[in-house]
Amino acid sequence: MAIKYDFYQTPSLNPKEGKPKLHPRIVSGHTVNTDKLARLIEQASSLTEGDAKAALNAFCRIMTSELQAGNRVHLEGLGYFHLTLTGPAVESEKEIRAESIKVKSIAFRPEIGLKKQLRAAIIKREKRKNHSQQLSEAETDKILTDYFKENLYITRKKFQQLCMLTESTANRRFKKLLQDGKLKISLHHPYLFEWCK
């Protein structure tokens with residue numbers, strides 16, 4: 001199997017930079033959940049799916065406990081997990097109390113062997129476009145105006161299809177249309193929306 005990628009526009013803080021730059025990004029596949037991992041472990045070992053799932057759940061609980069104790073967790077063949085902290089910047093350690101310091105995130109440092117294996121992966125350009133079309137507000141309004149000439153209602157899913165957007169971008173833009181008063185929830189059904197222009 002190959003890692004699929006596509007090019008995405010790099011956000012710029014300076015609109016005068018000219019033509020936007022593009023950067024490669026992995027086209028997300030599906031999420032492999034615990035159930036799927038358990039089935040794969042069953043196929044690759046002598047464990048049953050139930051045993052594998054129980055082991056994965058136990059591992060999650062133990063890993064959480066070890067991280068809460070301030071320990072690093074090393075999973076051979078994968079890498080190291082440890083917590084990172086955040087707190088206000090101070091000039092002296094006497095200026096801050098422990099209550100002001102919080103867990104920021106969980107850091108992961110992969111093992112060298114894992115990185116070598118992943119660098120050998122096959123990488124291919126995705127043929128289908130999986131990211132959003134770049135539409136201005138006026139272009140979006142035009143698409144919706146044309147759609148509502150023949151339709152009374154729209155769903156968020158239909159909006160996503162019409163404007164060729166990813167789900168997350170469609171949700172964000174749909175929410176803004178509601179906030180701006182361009183769309184309103186139908187009185188007939190909570191999942192149908194009417195055009196207010």
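Preceding block: the structure.
Cut-offs applied
- Residues numbered from 1 in each chain as written.
- Predicted model: local features only at pLDDT ≥ 70, side-chain atom pairs only at ≥ 80, totals over all residues.
- Heavy atoms only, no water.
- Buried < 20%, exposed > 50% of the residue type's maximum accessible area, 1.4 Å probe, protein only.
- Helix = DSSP H or I, 4+ residues; strand = E, 2+ residues; numbered from the N terminus.
- Arc of directions from axis to C-beta.
- Contact = heavy atoms within 4.5 Å.
- Pairing = 2+ DSSP bridges.
- Axes fitted to C-alpha atoms, helices over the stretch in contact; angles between N-to-C directions.

1. Observations concerning helix H5 (residues 156-163)
Inference 1: Along H5, the positions that sit buried rather than exposed are Arg 156, Phe 159, Gln 160 and Cys 163. Looking straight down H5, one finds its buried side chains confined to an arc of 100°; they lie on one side.
Inference 2: Buried residues along H5 sit against helix H4 (137-148) and helix H6 (167-179).
Inference 3: Positioned one or two residues after H5, Met 164 has a phi angle of 55°, which is positive.

2. A look at the sheet that holds strand E3 (residues 73-75)
Inference 1: Taken in spatial order, the 3 strands of this open sheet run E3-E4-E5, and their pairing is antiparallel. Looking at strand neighbours, the two that pair on one side only are E3 and strand E5 (102-110), the edges of this open sheet. Averaged over neighbouring strand pairs, the angle between their axes works out to 25° when direction is ignored.
Inference 2: Pairing between strand E4 (residues 79-86) and E5: 8 bridges, direction antiparallel. Following the sheet pairing, Leu 85 is matched in E5 by Val 103.

3. Quick word on the sheet that holds strand E6 (residues 122-125)
Inference 1: Read across the open sheet, the 3 strands follow the order E2-E1-E6; overall the sheet is mixed. The sheet is open, and its two borders are formed by strand E2 (22-26) and E6, each paired with just one other strand. Strand-to-strand twist in this sheet, taken as the mean axis angle between neighbours without regard to direction, amounts to 40°.
Inference 2: One ladder, built from 5 bridges, connects strand E1 (residues 2-9) with E2; its direction is antiparallel. By the bridge assignment for E2, Tyr 5 is matched with Ile 26.

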